[in-house]
Amino acid sequence: TDAQIQVEIDNMKLKADGTSPAFLSSRMLTPNIDDDVQLQIQITHAIEAMFQTCGGDVFSTGAHSVVDCITKFESALAAARKAGHKYAQWTCNHYLEGLYTTNGQTDASIVSLEECLRLSDDSADKAYAYKGLGNRRLEAMDYQSALGFFEQAKCIAEGADMDRKYACLSEIGICLRMLGDCERAVE
């Protein structure tokens with residue numbers, strides 16, 4: 001009902017102290033999510049459930065709670081797709097990628113990362129997705145593919161003067177070493 005929705009909105013506003021999951025999710029979902037309050041509430045609940053079940057260490061939850069969180073985010077993702085909100089879709093895929101990885105669902109994690117790549121034009125979002133795709137390929141010991149993804153992330157990071165965590169230098173070195181190019185790996 002409208003009264004319940006208003007209570008949810010008021011609760012989110014009360015928690016907007018800069019540290020609560022509700023505030024973080026509402027900040028992440030702007031600018032175009034504000035006009036769909038139901039979707040905002042659904043995603044906020046999924047994020048809060050994830051934080052509550054894991055005590056702050058987002059991806060170290062038990063299998064049961066990970067599955068519950070995946071279910072909530074998949075539901076929110078379906079609503080975001082239906083509403084046509086790209087950044088809400090990106091947000092859900094961003095969290096699902098980590099949850100799927102934690103739950104051993106590598107293929108689903110890759111699909112979520114590919115969706116993150118497709119849904120955003122932001123440099124940091126793209127670097128994050130390429131690095132994640134590289135990590136999934138590295139875990140599968142597909143060093144050539146991993147190298148390509150890590151190099152993409154590095155190019156974006158260097159072009160945008162971004163945080164070094166996206167430069168992927170150590171990951172590139174590992175791939176090169178495993179591919180037998182020890183001289184470049186040392187560089």
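Further up the page is the structure itself.
Residues numbered from 1 in each chain as written. Predicted model: local features only at pLDDT ≥ 70, side-chain atom pairs only at ≥ 80, totals over all residues. Heavy atoms only, no water.

Colleague: Just to check I follow, could you spell out the packing of helix H5 (residues 86–102) against helix H7 (residues 123–139) for this structure?
Modeller: For any two helices packed against each other, one specifies the inter-axial angle together with the distance between the axes. Close contact between H5 and H7 brings their axes to 12 Å; oriented N to C, the two are set at 25°. One finds that H5 runs roughly parallel with respect to H7. In terms of crossing hand, the pair formed by H5 and H7 is left-handed. Mapping the contact onto sequence places Tyr87, Trp90, His94, Glu97 and Thr101 in H5 and Asp125, Tyr128 and Arg136 in H7. (Axes fitted to C-alpha atoms, helices over the stretch in contact; angles between N-to-C directions. Helix = DSSP H or I, 4+ residues; strand = E, 2+ residues; numbered from the N terminus. Parallel < 35°, antiparallel > 145°, perpendicular 65-115°, else oblique. Left-handed = near helix turned anticlockwise from the far one by under 90°. Contact = heavy atoms within 4.5 Å.)

Colleague: It is not clear to me how the environment of Asn103 should be interpreted in this structure. Could you clarify?
Modeller: Here Asn103 is to be found in the loop between H5 and helix H6 (106–119). Each C-alpha atom of the pair Asn103 and Val66 lies 6.9 Å from the other, and the pair is 37 residues apart in sequence. Polar contacts involving the side chain of Asn103 include one to the side chain of Gln105, which spans 2.8 Å. (Polar contact = N/O pair within 3.5 Å; in protein donor to acceptor, adjacent residues only side chain to side chain.)

Colleague: Explanation requested: the environment of Ser145 in the structure shown.
Modeller: Within the secondary structure, Ser145 sits in helix H8 (residues 143–159). We classify Ser145 as partly exposed; its relative accessible area is 29%. With 30 residues separating them in the primary sequence, Ser145 and Cys175 have C-alpha atoms 9.2 Å apart. Of the polar contacts made by the side chain of Ser145, one reaches the side chain of Asp142; its length is 2.9 Å. (Buried < 20%, exposed > 50% of the residue type's maximum accessible area, 1.4 Å probe, protein only.)

Colleague: Would you mind showing me how to read the nonpolar core here?
Modeller: Counting residues in hydrophobic clusters, the biggest one holds 22 residues, and the most contacted among them are Tyr128, Phe150 and Ile172. Considering each element in turn, this core owes the most residues, six residues, to H8. Apart from the residues lying within four places of it in its own chain, the contact partners of Ile172 are Leu147, Phe150, Glu151, Lys154 and Ala167. Counting 18 residues, the second largest nonpolar core, distinct from the first, contains Ile70, Ala80, Cys92 and Leu96. (Core = buried A, V, L, I, M, F, W, Y, C linked by side-chain atoms within 4.5 Å.)

Colleague: Would you explain H6 in this entry?
Modeller: In an α-helix, one full turn covers 3.6 residues, which means residues spaced three or four apart are oriented alike. Counted at 1.5 Å a residue, the expected span for H6 with its 14 residues is 20 Å, and the 20 Å between its end C-alpha atoms agrees. The complete set of buried residues in H6 reads Ser109, Ile110, Ser112, Leu113, Glu115, Cys116, Leu117 and Leu119. (Expected span 1.5 Å × (residues − 1).)

Colleague: I'm lost on the side chain of Ser120 in this one. Help?
Modeller: Mapped onto the elements of the fold, Ser120 is located in the loop between H6 and H7. Overall, Ser120 belongs to the buried group, its relative accessible area being 4%. Only 2.6 Å separates the side chain of Ser120 from the side chain of Asp125, close enough to count as a polar contact. Discounting chain neighbours no more than four positions away, the residues touching Ser120 are Trp90, Asp125 and Lys126.

Shape is all these values report; function is a separate question.
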